[in-house]
Structures are given as structure tokens and as C-alpha cells.
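Below are the chains, spelled out letter by letter.
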Amino acid sequence: MILLDGKKTAATIKEEIAIEVEKIKKVGGKIPHLAALLVGADGASLTYVNSKVKACQKVGFNSTLIELPDNTTEEQLLYEIELLNRDTDIDGYIVQLPLPKHIDEQKVLMAVDPHKDVDGFHPTNVGKMTLEIPTFLPATPYGIIELLERYAIETSGKNVVVIGRSHIVGRPISILLSQKRKTGNATVTLCHSRTRNLKELTLKADIIVVALGIAEFLKGDMVKKGAVIIDVGITRIKDKSRKSGYRLAGDVDFESVSKKASYITPVPGGVGPMTIAMLLKNTLLAVQNK
Ligand code: GUN
């Protein structure tokens, strides 16, 4: 079993980006500037956003974190988005999800200027991605593709099972892996809560992407020997023995599944760091597209 080391791979990608930033600086070009909008004080979201800001500093980007209170109205958030759309120094920005329940997520994502939509969540960019027109790919699926590519894992003709149909991960990765592209050409089955006989399907899969947000859902007896396992889940589980009061668990029962897998992503240190690296890559692309 080989660990798909997202932390190490993301560090390499960040070094590559830092080199590009140095080149931009040398010629007096525009330093990439990423902004993040965070509404409310969800602990996990704050951790993720802070990691994104820290990563910007690491590669030499400028970054801005805009924190809005829990009771921000939809109108106020749309106003902040309008300011970011107009700000010529901001090359790309993200609205950290989930948003508080009283805000219409779709309405907010549609207000983001597609040219600054480095998360790739705007319908224009989702449409382009689906039609194989170059655009920002959503960071987590893009990170999975990049990880598979850098470990030279063949996807062409393989049976892929994706568990979870979210707009952020499951749906886009199922589309990307089925496309005629370098890390693609797979036969993809997208499974979800209404799927019958999930185990029958996972047992036939060469590659399984698990992105449903249920800790340790995929067990060893659901996996074929030699399968490649991509674990997108990250759940905080109460653990009094830890200083933080919790431990992080993936959607994969690592203990049993790692005994069957040929390659597997750890949690933490797998898909998570790759997501951040690809967000930076998209921000660099936003500058290059100008
Ligand atoms: N929440 C969970 N994943 C993501 C992501 O990739 N982007 C944003 N904006 N919010 C998220």
C-alpha cells in the first residue's frame, strides 16, 4: 500500500507557484491577490480559510480575509461581493461554504464575477467545465486529478465509483474523470443515498472516491484488493484525549481499507492540502487570463 501524500505533493505545487510569482515580480507584473469571504464563526470553516490565507503568504500572493458576522443579511453579503467584483486589485476570491441557513447559496454564488470565481462554482464555469472549455476547475476535484496524475495512476478504461453527489466534489469529479482528458476516460458510476447495492458496485471499482461526509463509512469488506482509494471526507470527532478536544476522521475506515488498497489518501494530509494548492493555481490562472 502506498500513501498518496497530498501534503508533500501540495508543497511541490506551491513551490512551482512561488517560482511563477518570482518571475512576475521580476518583470514588475501583477502580484496575484486572493480574497476569502467568511460568514459566521464556524470553527472548521475558519480553520480552512486561515489555511488558504497562510498558503497565499507562502507562495508570495497578496491575500485578504473578510470576516462577516453570523447575522449578516443576504443583501449585505451581495454588497460585499459587488465590492470584490469591482476591486481591480483582487484577481480571485472565494465565498467559504456552507453559508448560514438564511442566505441563498445559489444566489450568492451566481453574483460572483465568473472571471474571479477561483472556486469554479459559478454556473458559467460549471457549464464550461462540463463542456470541456478551459476554465477554473473546482479546487477539490482538481486536486484529486492532480494527485492521480502526479502518482501516475492510470484512469483510462478503469471503473471508478464516486460516493456522494455534492456540487463541490462528487458531481464535478464524476464529470472530469469520465471526460476525454489525460486523467480521465474512466467509466464512472456516481453513487448516493438512494443507490441500491452500493457494496456490489464498490467491490467492482478500480478507483473509489468517497465524498459523502460520514466518518469511516467505507469499510475494508466493500473494497476490491488493489483498489485506489481517495478519501475526501474530514469530520471532527470528539476525543477528550486530544488537546484540541477532537480528532479528524475521513469517510474511509483507514484501518481496514488500507489493508486492501494499492494507493490511499490519508486524512489529514491527503486531499485537503491539494484543494488549497489548486485554489492557488486557479488564482495564478486568473492573473494570467487578464
Ligand atoms: N467548503 C468546503 N469546501 C469548499 C471549497 O472548496 N470552497 C469553498 N468556498 N467552500 C468550501
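Details of the structure are given in the entry above.
The following refers to the structure shown. (Residues numbered from 1 in each chain as written. Predicted model: local features only at pLDDT ≥ 70, side-chain atom pairs only at ≥ 80, totals over all residues. Heavy atoms only, no water.)

## Remarks on empty space enclosed by the protein
Any empty space left between the atoms is revealed when a probe the size of a water molecule rolls over them. The condition that has to hold: Here the term cavity refers to a set of points on a 1 Å grid, laid over the protein atoms alone, in which a 1.4 Å probe fits but cannot get out; the term pocket refers to an open set having protein on both sides within 12 Å along at least five of seven lines, with lining residues being those that place an atom within 4 Å of a point. Grid points are joined across faces, edges and corners, and a volume is the space filled by probe spheres set on the points. Three residue categories are used. Nonpolar comprises Ala, Val, Leu, Ile, Met, Phe, Trp, Tyr, Cys and Pro, charged comprises Asp, Glu, Lys and Arg, and polar comprises the others, including Gly. Counting from the N terminus, the helices are the DSSP runs of H or I reaching at least four residues and the strands are the DSSP runs of E reaching at least two.
Throughout the structure, instances matching the rule amount to 2 cavities of 30 Å³ or more. By volume, the largest cavity amounts to about 40 Å³. Lining the largest cavity are Tyr93, Ile94, Val95, Leu109, Val112, Asp117, Asp119, Phe121 and His122. Here the residues of the lining of the largest cavity are counted per class, giving 6 nonpolar, 1 polar and 2 charged. The volume enclosed by the second largest cavity comes to roughly 30 Å³. Contributing to the lining of the second largest cavity are Leu34, Ala35, Ala36, Lys52, Val53, Cys56, Ser63 and Thr64. Listed by contribution, the elements that provide at least two residues to the lining of the second largest cavity are β2 (33-39), α2 (43-59) and β3 (62-68). Class assignment for the residues of the lining of the second largest cavity results in 5 nonpolar, 2 polar and 1 charged.

## Considering the pairing of strand β4 (residues 92-95)
Put simply, the test is: Exposure is judged per residue with a 1.4 Å probe applied to protein chains only, and the accessible area is read against the type maximum: over 50% gives exposed, under 20% gives buried, and values in between give partly exposed. Strands were regarded as paired on the criterion that DSSP finds at least two bridges between them.
Covered by surrounding structure in β4 are Gly92 and Ile94 together with Tyr93 and Val95, the residues of both alternating faces. As judged from the 4 bridges shared by β2 and β4, these two strands associate in the parallel manner. Pairing of Leu37 across the sheet is with Val95, part of β4.

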